[in-house]
Amino acid sequence: MKIKMNWGTGIFIAILLFMSFILFFVIKVQSNSKYDNELVVEDYYKMELELQGKLDRERNAVNLVDKVIIDQDDINIKISFPADFDASKIKGKVSLYRPSNQRLDFEIPISISVPYLLIPKNDLAGGRWDIAVEWKYNDTAYLNNKMMTLN
């Protein structure tokens, strides 16, 4: 039996080979356990509640009349809290994250008697830092974030 090759036969064979190629990789990825193709985390509802809590804390910080200010000068990073709050009642932590080097990440507890916190820059490597201020005042939680580049 002789197969006559024409344009239609060639296109049909090309489409068949392409579909076989795609099907092979789909089956390979689905059957191999080294490829994690799960779209949902184990504790989905717990993660959702944590995310909602974070959004609530950020909203509380945005709704403040006198906002938290995170700024820097030549010597320090200064985190200024609302002046009308009693500074001794502000509790929480400041987390400094270095995206390029996880080993440089650290946290500082907030325990102040004046309405600001100073973080010396001489111990910090130059470059980008993500600063997260998680704090509480009168049972209301707040979260302020800022990306800062140090020289």
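Residues numbered from 1 in each chain as written. Predicted model: local features only at pLDDT ≥ 70, side-chain atom pairs only at ≥ 80, totals over all residues. Heavy atoms only, no water.

Details of the sheet that holds strand 6 (residues 127-137)
Argument step 1. Across the sheet, four strands lie side by side as 4-3-6-7; this open sheet has antiparallel pairing. Only two strands of the sheet have a single neighbouring strand rather than two, namely strand 4 (106-111) and strand 7 (140-150). The average undirected angle you get between the axes of adjacent strands in this sheet is 15°.
Argument step 2. Note: strand 3 (residues 91-97) against strand 6, seven bridges, orientation antiparallel. Along strand 6, the bridge assignment pairs Gly-92 with Trp-135. (Pairing = 2+ DSSP bridges. Helix = DSSP H or I, 4+ residues; strand = E, 2+ residues; numbered from the N terminus. Axes fitted to C-alpha atoms, helices over the stretch in contact; angles between N-to-C directions.)

A look at the packing of aromatic side chains
Argument step 1. Enumeration over the complete set of coordinates arrives at seven aromatic pairs.
Argument step 2. Ring plane angle 70° and centroid distance 5.3 Å describe the contact between Phe-81 and Trp-135, whose orientation is recorded as edge-to-face. Taken together, the positions of Phe-81 in the loop between strand 2 (76-80) and strand 3 and Trp-135 in strand 6 put the pair 54 residues apart, joining distant regions of the chain.
Argument step 3. Residue class for Phe-81 comes out buried when judged on its relative accessible area of 4%.
Argument step 4. On the basis of an interplanar angle of 5° and a centroid distance of 4.1 Å, the ring pair of Phe-85 and Tyr-137 is categorised as stacked. Taken as a pair, Phe-85 in the loop between strand 2 and strand 3 and Tyr-137 in strand 6 lie far apart in primary sequence, 52 residues in all. (Phe/Tyr/Trp six-rings, centres within 6.5 Å; stacked < 30°, edge-to-face > 60°. Buried < 20%, exposed > 50% of the residue type's maximum accessible area, 1.4 Å probe, protein only.)

Section: the nonpolar core
Argument step 1. Ile-77, Ile-79, Phe-81, Val-94, Ile-110, Val-133 and Trp-135 are the most contacted members of the largest nonpolar core, which totals 25 residues.
Argument step 2. Contributing elements (two or more residues each) for this core: strand 2, strand 3, strand 5 (116-120), strand 6 and strand 7.
Argument step 3. Counting residues per element, this core draws most heavily on strand 6, which supplies five residues.
Argument step 4. Contact partners of Val-133, with chain neighbours within four places excluded, come to Ile-70, Ile-79, Phe-81, Lys-93, Val-94, Ile-110, Tyr-142, Leu-143 and Asn-144. (Core = buried A, V, L, I, M, F, W, Y, C linked by side-chain atoms within 4.5 Å. Contact = heavy atoms within 4.5 Å.)

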